[in-house]
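Commentary on secondary and tertiary structure
These are the residues of each chain, in order.
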Amino acid sequence: MSMTTDPGSPLSLPRTYSRRGFLGQSTLTLAAALGTAAVAGAQQRSQIHAGEHGNGISNPGQENKPLLDENPNTNTPPETDFGDIGPIWYSFDLARKRVEEGGWTHQVTQRELPPSKDIAGVNMRLTKGSFRELHWHTADEWAFMLYGNARVTVLNPDGTMFVDDVAKGDLWFFPAGYPHSIQGLGPDGCEFLLVFDEGNFSEDGTFLLSEWMAHTPDEVLTKNSNLSAASIAKLPKRELYIFPAEMPGSLAADREEIEKSGPITQQQYTFKMEAMKPNKTTPGGEVRVVDSSNFPVSKSIAAGLVVLKPGAIREMHWHPNASEWQFYLAGKGRMTVFMPPGRARTMDFNANDVGYVPPVAGHYIENTGTEDLVFLELFKADSFQEFTLNNWLRRLPIQMVSSHTNLSAEEIRRIPVEKNDVIAGK
Ligand code: MN
Ligand code: MN
């Protein structure tokens, strides 16, 4: 157990409180500065659910020290936490990797994170030249390039074809049922995050070209596709899934070849998310939003890419239209999710972790590390929508807010009226 004082002392507090000054002594210092009314408020806060903390925190038995060090708020939550809201965390680094000749894949779905009914995620690596086999599936697919370069194709029902190259920070969207391909390019292939709008989606449950042909009688393949017995004998007997292949030619050469058999589509299935101008830039960081308003094909997935500077906070907010599925790309942070009646859970998040926020639940994300905290917020929705606590409180008549909070008009006016999304640390 992480302690700054003797665990036997009735005054001992978990390190997390004293280090961040979130509650405890620093609250009293602040309260003294604000006057006696605030002192009464602070004392009241420290008494919330006192039965869950205090002396009972001592832990003389065994512990998994590396896990505790990575998750200081998870095992020893802030005093403001209470009750159970269900799982809000999982990590790709706990998920089994399926390793193939040309790369690997692992997934965090509803099976790993049961409340996530709307979204499942897959993290995949393809080495240079290697393919994720030609396939299609029941869910819409949204993807974010984490590393390297890839070439993607997707066919439209009208027979028009799309082909493009994607690099780090780019994304793509392929509608359910549309057949597509992904191939790693030079110099070192690629790694990407796939997001599907079905919590129970599985990468092991996609419709593969190799399997369909392997499970069709020879005479039907001859009749259907004009293939001779000798040609059919060459077809793969089992799935290819992820496999190495020759590097393709240039994108221009592939486009030219595609145009020989039919038209290229006008529909855009890729988007340069990281390269776009931020929707919000504040001293606390940046937010980029991609949804159907700027990327029309993405009708079922709305996404935010957030960069939080050390000490900064993604402000207290909630989303009216969907649950939130998060992927942490870099840094270290913590999130508290608030649910009725009076329940709250705080957990720590590191790179490669997944976070989950139930529909309309209140939450914030705080950068607790020394580097930028970078994460994706994903919603099964056509548009990114949010309410912020600050904006709500400042848009109401001051007396109404004062009646609810005991705060004076002057104190209420210190709350920012704008939706800042990212607020620098004090
Ligand atoms: Mn796919
Ligand atoms: Mn959110």
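Residues numbered from 1 in each chain as written. Chains lettered and ligands numbered in written order. Predicted model: local features only at pLDDT ≥ 70, side-chain atom pairs only at ≥ 80, totals over all residues. Heavy atoms only, no water.

So, about the overall build of the protein. A count of helical and extended segments in the protein gives 12 helices and 25 strands. Relative to its 426 residues, the protein shows a buried fraction of 46%. Expressed as a percentage of contacts within the protein between residues at least 6 apart in sequence, the contacts between residues at least 24 apart total 76%. Just so you have it, the protein exposes about 20900 Å², and 56% of that area is on carbon and sulfur atoms. (Helix = DSSP H or I, 4+ residues; strand = E, 2+ residues; numbered from the N terminus. Buried < 20%, exposed > 50% of the residue type's maximum accessible area, 1.4 Å probe, protein only. Contact = heavy atoms within 4.5 Å. Areas by Shrake-Rupley, 256 points an atom, 1.4 Å probe, with all protein chains shown as cover.)

What follows is about the coordination of the manganese ion (ligand 1). The manganese ion (ligand 1) binds to the protein through His135 (NE2), His137 (NE2), Glu141 (OE) and His180 (NE2), with metal-donor distances spanning 2.0 to 2.3 Å. Donor residues for the manganese ion (ligand 1), ordered by position in the chain, follow H-x1-H-x3-E-x38-H. Residue histidine 137 is found in the loop between strand E5 (131-136) and strand E6 (141-155), and its partner histidine 180 is found in strand E9 (residues 180-184); the two are separated by 43 residues along the sequence. (Donors = N, O, S within 2.8 Å, 3.2 Å for Na, K, Ca; no water.)

For a metal with four donors in a tetrahedral arrangement, the ideal angle between donors is 109.5 degrees, while six donors in an octahedron ideally sit at 90 or 180 degrees. Taken together, His317 (NE2), His319 (NE2), Glu324 (OE) and His363 (NE2) make up the protein donors of the manganese ion (ligand 2), found 2.0 to 2.2 Å from the metal. Each donor residue of the manganese ion (ligand 2) belongs to the same chain, and together they define the spacing H-x1-H-x4-E-x38-H.

This next bit is on unusual backbone geometry. For the peptide bond that leads from glycine 186 to proline 187, omega is 0°, which places it in the cis range. Across the junction of proline 340 and proline 341, the peptide omega takes the value -5°, indicating a cis bond. By secondary structure assignment, the location of proline 341 is in the loop between strand E19 (332-339) and strand E20 (343-350). The backbone phi angle of asparagine 226 is positive, close to 60°, even though this residue is not glycine. The topology assignment puts asparagine 226 in the loop between helix H7 (218-225) and helix H8 (229-233). Positive phi, close to 60°, is recorded for tyrosine 241, a residue that is not glycine. Here tyrosine 241 shows up in the loop between H8 and strand E12 (242-243).

Let's shift gears to the confidence of the model for the protein. Summarising the model, the protein shows a mean pLDDT of 90, and 87% of its residues fall at 70 or more. pLDDT under 50 marks residues 1-43. Its contacts with residues more than four places away, or in other chains, come to 50 contacts. (pLDDT = per-residue confidence, 0-100.)

Across the seven residues that make up strand E10 (residues 190-196), a large majority, six, are buried. Taken together, the seven bridges between strand E4 (residues 120-126) and E10 define a ladder with antiparallel strand orientation. Note on E10: the bridge partner recorded for glycine 121 is valine 195. Relative to E10, E6 is paired through seven bridges, and the arrangement is antiparallel. In the strand pairing of E10, phenylalanine 144 is matched with leucine 193. (Pairing = 2+ DSSP bridges.)

The antiparallel open sheet is built from seven strands, whose spatial order is E1-E21-E18-E23-E16-E15-E14. Taken across any chain shown, the strands that pair with only one partner, and hence form the sheet edges, are strand E1 (89-91) and strand E14 (280-282). Between one strand axis and the next, the sheet turns by 15° as a mean value, whatever way the strands run. Relative to strand E23 (residues 373-379), strand E18 (residues 324-330) is paired through five bridges, and the arrangement is antiparallel. For tyrosine 328, the partnering residue across the bridge sits in E23 and is phenylalanine 375. (Axes fitted to C-alpha atoms, helices over the stretch in contact; angles between N-to-C directions.)

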